[in-house]
Structure formats: C-alpha cells, structure tokens
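Letter by letter, the chains look like this.
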Amino acid sequence: MKILLLRKSNCPYCDNALDFLRKTNHTIGVLQCEKRFDKFPKDLGWKPDIVFSFKNYMIIPKEITQSVFCVNFHPGPPEHPGSCSANWALYYQDKTFGVTAHLMNGLVDNGLIFRVRRFPIKPETTLMEVLKRADQEVLKLFKEIVGDTVSYTHLRAHETKANLVCRLLLEK
C-alpha cells in the first residue's frame, strides 16, 4: 500500500507518527508543511492509496479527497473544529477536551467523524498543558487507527443518510 503522510515540520509528535508508519512495511511518502496555508503540490508524481493528515496545515485539494481515502487527525474535539481549539475550550470553560479522526472531503475540518478521544480539563489547566495532552492523545489515536488499517489493501467509508456511520470495509 502507498501511504502519504502530511505533517508539520519540526514536530516530535509528527516524527513519532512517521516512525510508526515506517514500521508497517508499506511505501511511505511524506509532505511537510512549515506554516499555515502551505500549498499542496499540483503533481505528486504518484498516487497514494491512503492519505493521513497528522497535525498538518496544508489544505488538500478536492481532487485528492474525492479520489483517495483521506483521514485527518485533528488535535481538537468536534465541537471546536479548525484552529485554536484549545483556546476556545478554555475560553468556554469546557470540562473536557479531545482529539478527532475524521474522513476528509472538499471542505476544511469537515467530514465524517469516526473516532474521538477525550480527556478532562480542570479550571486551573493552562493552554500549554491542554496542547501537550492533545498532542499526546492525537498520536495515540493515530497509532490506534493506523494499526487497525494499514495491514489491509482496501479501505472504504460507508455513510447512510438516516444514521451517519463510518464503517471501514477491510479486505485482507
């Protein structure tokens, strides 16, 4: 399987995610972003079977999200999509925070959510403490999901209108 990892530069959690992927014996390609709104290349030169976006700032073109199975690992809970999730959680005095894995579509931080990991935050918790814990939890979430999926050759999401359910159909 050919896997493309989109990641932030100079991030030890991203390094750890890449190391984990390299142990899978699949072909791994990596695109790093330095800053917000770095551009996705017009031509990768190859077509991945799956794209994992891990703490990534790049916006993935609709042509990719519509033709390749793409999963975003977002260091924030569903109720705080986008940037500055931890700031909003502290501002609203949320009692929990979390990290999210969702399928990607043509919109930013949108798509069917299929797993969330939550953890408590206390009133005295600082922004840096929330961010560090979110980084730890999103790495755990990445390892859980990737560990479940990369040993298979076909992945597909199934969504019903009556009840949004994500099913990974896995074939050995």
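Scroll up a little and you will see the structure.
Reading the values: rules and limits
- For every chain, the first residue of the written sequence is number 1, and numbering continues from 1 along that sequence.
- Predicted model: local features are reported for residues with pLDDT of at least 70 only, side-chain atom pairs are reported and counted for 80 or more only, and whole-chain, interface and lining totals are derived from all residues.
- No hydrogens and no water enter the side-chain calculation; it runs on all heavy atoms of the structure.
- Put simply, DSSP H or I for four residues or longer makes a helix, DSSP E for two residues or longer makes a strand, and each gets a number counted from the N terminus.
- Put simply, the grid is 1 Å and covers the protein atoms alone, a cavity is a trapped set of points that fit a 1.4 Å probe, a pocket is an open set with protein on both sides within 12 Å along at least five of seven lines, and lining residues have an atom within 4 Å of a point.
- Grid points are joined across faces, edges and corners, and a volume is the space filled by probe spheres set on the points.
- In the scheme used here, Gly and all other residues not listed as nonpolar or charged are polar, with Ala, Val, Leu, Ile, Met, Phe, Trp, Tyr, Cys and Pro taken as nonpolar and Asp, Glu, Lys and Arg as charged.
- Here, a salt bridge means any Lys or Arg side-chain nitrogen found within 4 Å of an Asp or Glu carboxyl oxygen.
- When accessible area is computed with a 1.4 Å probe and restricted to protein chains, residues below 20% of their type maximum are described as buried, those above 50% as exposed, and intermediate ones as partly exposed.
- Note on contacts: a residue pair qualifies if any of its non-hydrogen atoms lie within 4.5 Å across the two residues.

Regarding unusual backbone geometry
Both trends apply: most residues other than glycine have a negative phi, and most peptide bonds are in trans. For lysine 55, which is not a glycine, the phi torsion comes out positive at approximately 50 degrees. With respect to the helices and strands, the residue lysine 55 is situated in the loop between β3 (50-54) and α2 (62-67). With a phi angle near 65 degrees, cysteine 84 is a residue other than glycine that sits in the positive phi range. Along the polypeptide, cysteine 84 turns up in the loop between β4 (69-74) and α3 (85-91).

Digging into the layout of surface pockets
The volume enclosed by the largest pocket comes to roughly 750 Å³. Taken together, 32 residues line the largest pocket, and the ones lying closest to its centre are Arg36, Asn56, Tyr57, His74 and Ser83. Only β4, α3 and α4 (127-149) provide two or more residues apiece to the lining of the largest pocket. A per-element tally of the lining of the largest pocket places α4 first, with four residues. Taken together, the residues that form the lining of the largest pocket break down as 15 nonpolar, 12 polar and five charged.

As for the pattern of salt bridges
Considering all chains together, one arrives at eight salt bridges under this definition. Its salt-bridge partner being arginine 117, residue glutamate 137 comes within 2.8 Å of it at the nearest N-O pair. Placement of the pair is glutamate 137 in helix α4 and arginine 117 in strand β6 (residues 113-120), with a sequence separation of 20 residues. Take glutamate 137: its relative accessible area is 3%, and that puts it in the buried class. Within the structure, one salt-bridge network assembled from shared partners comprises Arg115, Arg117, Arg133, Glu137, Lys140 and Glu144.

A short note on the environment of histidine 80
Take histidine 80: it is sitting in the loop between β4 and α3. In this structure the C-alpha to C-alpha distance between histidine 80 and glycine 98, which are 18 residues apart in sequence, comes to 9.4 Å. Ignoring anything within four residues of it in the chain, the contact list for histidine 80 reads His74, Ser85, Trp88, Ala89, Tyr92 and Asp94.

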